[in-house]
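Read off the chains here:
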Amino acid sequence: MLDLPKDLQQKALGRQKYIYKDQEIYEWEQTIDEVHIYIKPPKACLPKYKDQVLKQLGPGQTLPKLEVEIKSGHIKVGIKGTKPYIDEDLEKTCVASDSIWCIEDDELHIILQKGLKADVWPSVFKGHGGVDELTKAEIQKKLLLERFQEENPGFDFSNAQFNGMAPDPRTFMGGVKYS
């Protein structure tokens, strides 16, 4: 059995960072059903800073508003009337009509409903690299345990472990059951 360091196991369970030119662009994580993207928007777009921003606006200026467009294979994120901050094709498809966004804890939180349940996404966007193979294997384990818990609600899989590599959570043992 391959015992991975605890920090690698924790990395796979938590948010993955996408860094570009030494700047964090977004963080993301996934569950059996969803991909979550977290972006730190400009403070001017956050409701809690509204009064502060209003004081700084000149005549005719309006509060900046976030604009988020979610399509099955593409996302745009930016401030209305400006060039998008993110304008990228997704690594895999999502169900756009079941995907949402909100501001939560000073972050833009985008929740994408996966097109294929239990599908492991190596990255959120095409061309943004992907998680390394060891992290991907840990994510597969996490999603497989989520699947087992969903399919067997009377059992506790919180302390379950795998010997060796975990199989694909989407196709293992006849595949995911859609209900």
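Before reading further, recall that the structure is shown in the block above.
Report on the accompanying structure. Worth saying up front: this structure is predicted, and the values here are computed from it rather than measured.

1. Describing the sheet that holds strand β4 (residues 66-71)
Logical step 1: Taken in spatial order, the three strands make up an open sheet running β4-β5-β6, and their pairing is antiparallel. With one partner strand each, in any of the chains shown, β4 and β6 (86-89) form the two edges of the open sheet. On average, adjacent strands in this sheet sit at an angle of 5 degrees to one another, irrespective of strand direction.

2. A short note on the layout of surface pockets
If a probe as big as a water molecule is rolled over the atoms, it shows which places are left empty.
Logical step 1: Of the pockets and cavities examined, the second largest pocket occupies roughly 220 Å³.
Logical step 2: What lines the second largest pocket is a set of 16 residues, among which I39, K40, P41, P42 and Y85 lie closest to the centre.
Logical step 3: Looking at the lining of the second largest pocket, the elements with two or more residues in it are β2 (23-30), β3 (34-39) and β5 (74-79).
Logical step 4: Of the residues belonging to the lining of the second largest pocket, the class tally is eleven nonpolar, two polar and three charged.

3. Remarks on the packing of aromatic side chains
Logical step 1: Scanning the model with the defined rule gives five aromatic pairs in all.
Logical step 2: Ring centres 5.1 Å apart and planes at 20 degrees place the aromatic pair Y18 and Y26 in the stacked group. Like Y18, the residue Y26 is buried in the burial classification.
Logical step 3: Ring centres of F148 and F157 lie 5.7 Å apart, and the angle between their planes is 45 degrees; on these two criteria the pair is classed as tilted.
Logical step 4: Using a relative accessible area of 16% as the deciding quantity, one classes F148 as buried.
Logical step 5: Within the aromatic cluster, the residues linked to one another by ring pairs are F148, F155, F157 and F172.
Logical step 6: Across from the ring centre of Y38, 3.4 Å away, lies the NZ or CZ of R15, which sits over that ring.

4. Things to note about the nonpolar core
Logical step 1: Core analysis: the biggest nonpolar cluster contains 26 residues, and Y26, I37, I110 and L112 have the highest contact counts within it.
Logical step 2: Elements that contribute at least two residues to this core include exactly β2, β3, β4, β5, β8 (107-114) and α3 (133-151).
Logical step 3: Among all residues touching I37, those that are not within four sequence positions of it are Y26, E27, W28, I75, L108, H109, I110, L112, V124 and F125.
Logical step 4: In this structure, L144, F148, F162 and A166 belong to the second largest nonpolar core, which totals five residues.

About the criteria used
- Residues numbered from 1 in each chain as written.
- Predicted model: local features only at pLDDT ≥ 70, side-chain atom pairs only at ≥ 80, totals over all residues.
- Heavy atoms only, no water.
- Pairing = 2+ DSSP bridges.
- Helix = DSSP H or I, 4+ residues; strand = E, 2+ residues; numbered from the N terminus.
- Axes fitted to C-alpha atoms, helices over the stretch in contact; angles between N-to-C directions.
- 1 Å grid on protein atoms, 1.4 Å probe; cavity = no way out; pocket = protein on both sides within 12 Å on 5 of 7 lines; lining within 4 Å.
- Points joined across faces, edges and corners; volume = space filled by probe spheres on them.
- Nonpolar A, V, L, I, M, F, W, Y, C, P; charged D, E, K, R; others polar.
- Phe/Tyr/Trp six-rings, centres within 6.5 Å; stacked < 30°, edge-to-face > 60°.
- Buried < 20%, exposed > 50% of the residue type's maximum accessible area, 1.4 Å probe, protein only.
- Lys NZ or Arg CZ within 6 Å of the ring centre and 35° of its normal.
- Core = buried A, V, L, I, M, F, W, Y, C linked by side-chain atoms within 4.5 Å.
- Contact = heavy atoms within 4.5 Å.

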